[in-house]
Amino acid sequence: QVQLVESGGGLVQPGESLRLSCAASGIIFSINHMGWYRQAPGKQRELVAVVTRGGSTNYADSLKGRFTISRDNAKNTVFLQMNSLKPEDTAVYYCNAEIRNRGGISREYWGQGTQVTVSS
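Everything in this summary refers to the structure shown in the same document. (Residues numbered from 1 in each chain as written. Predicted model: local features only at pLDDT ≥ 70, side-chain atom pairs only at ≥ 80, totals over all residues. Heavy atoms only, no water.)

1. Observations concerning the nonpolar core
Right, on to step 1. Within the largest apolar cluster, 31 residues are counted, with the highest numbers of intra-cluster contacts made by W36, L80, M82 and Y93.
Right, on to step 2. Counting residues per element, the ones that place at least two in this core are β3 (18–25), β4 (30–39), β5 (46–51), β7 (67–72), β8 (77–82), β9 (91–100) and β11 (114–118).
Right, on to step 3. Each residue touching Y93, except ones within four places of it in the same chain, is listed here: E6, L20, W36, Y37, R38, V48, F67, L80, M82, G113, T114 and V116. (Core = buried A, V, L, I, M, F, W, Y, C linked by side-chain atoms within 4.5 Å. Buried < 20%, exposed > 50% of the residue type's maximum accessible area, 1.4 Å probe, protein only. Helix = DSSP H or I, 4+ residues; strand = E, 2+ residues; numbered from the N terminus. Contact = heavy atoms within 4.5 Å.)

2. Let's talk about the environment of S62
Right, on to step 1. Relative to the helices and strands, S62 resides in the loop between β6 (57–59) and β7.
Right, on to step 2. Assessed through its relative accessible area of 60%, S62 is described here as exposed.

3. Remarks on the sheet that holds β7
Right, on to step 1. With antiparallel pairing, the four strands of this open sheet are ordered in space as β1-β3-β8-β7. With one partner strand each, in any of the chains shown, β1 (3–7) and β7 form the two edges of the open sheet. Averaged over all adjacent pairs, the angle separating strand axes in this sheet is 15°, with direction ignored.
Right, on to step 2. As paired elements, β7 and β8 share six bridges and run antiparallel to each other. For S70, the partnering residue across the bridge sits in β8 and is F79. (Pairing = 2+ DSSP bridges. Axes fitted to C-alpha atoms, helices over the stretch in contact; angles between N-to-C directions.)

4. Re the packing of aromatic side chains
Right, on to step 1. Overall, the coordinates contain one aromatic pair when judged by the stated rule.
Right, on to step 2. Just above the ring of Y94 sits the side chain of R45; from NZ or CZ to the centre is 3.7 Å.
Right, on to step 3. Taking the ring centre of Y109 as reference, the NZ or CZ of R107 above it sits at 4.0 Å. (Phe/Tyr/Trp six-rings, centres within 6.5 Å; stacked < 30°, edge-to-face > 60°. Lys NZ or Arg CZ within 6 Å of the ring centre and 35° of its normal.)

5. Quick word on the pattern of salt bridges
Right, on to step 1. According to the stated counting rule, one finds four salt bridges in the structure shown.
Right, on to step 2. A salt bridge links R38 to E46, with the nearest nitrogen and oxygen atoms 2.7 Å apart.
Right, on to step 3. Since its relative accessible area comes to 8%, R38 is described here as buried.
Right, on to step 4. Here the salt bridges do not stand alone but share partners, grouping R38, E46, R66 and D89 into one network. (Salt bridge = Lys/Arg side-chain N within 4 Å of Asp/Glu carboxyl O.)

6. Brief notes about the environment of Q44
Right, on to step 1. Looking at the secondary structure, you find Q44 in the loop between β4 and β5.
Right, on to step 2. The exposure class assigned to Q44 is exposed, which follows from its relative accessible area of 71%.
Right, on to step 3. Along the backbone, Q44 and W110 are 66 residues apart, and their C-alpha atoms lie at a distance of 16 Å.
Right, on to step 4. Every residue in contact with Q44, bar those within four places of it in the chain, is listed here: R38 and Q39.

7. A word on the pairing of β11
Right, on to step 1. Residue alternation in β11 divides its side chains into a buried set, T114, V116 and V118, and an unburied set, Q115 and T117.
Right, on to step 2. The sheet contact formed by strand β2 (residues 10–12) and β11 spans three bridges and is parallel. Residue pairing in the sheet places V12 in a bridge with V118 of β11.
Right, on to step 3. Two elements, β9 and β11, share three bridges in a ladder whose sense is antiparallel. When the bridges of β11 are listed, A91 appears paired with V116.

Written out as structure tokens, the structure reads:
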């Protein structure tokens, strides 16, 4: 069974930074893309950023320049560095990954989510 486990969320003040981590574990042959999504209260889940196995990245336009996604393929881990945080960044952040098993079948997995709260 594959699991994605997030860590690094918390309560910060506006302007501060946080770094989220997400580690994939279980029976994994390879991981294609890994990414982060977020869902604020009363809103739909939205893309934050995604990174391919080769390191290509894509960001939500509104977050470019403040958030940086990266991954460590050897550790099956993806990171999200969030700088200059704003109250509107408050949300539950979810890790996402497309993982291939030994049979060549790929499927999407989600983490349980980690709360990020930006408030003074």
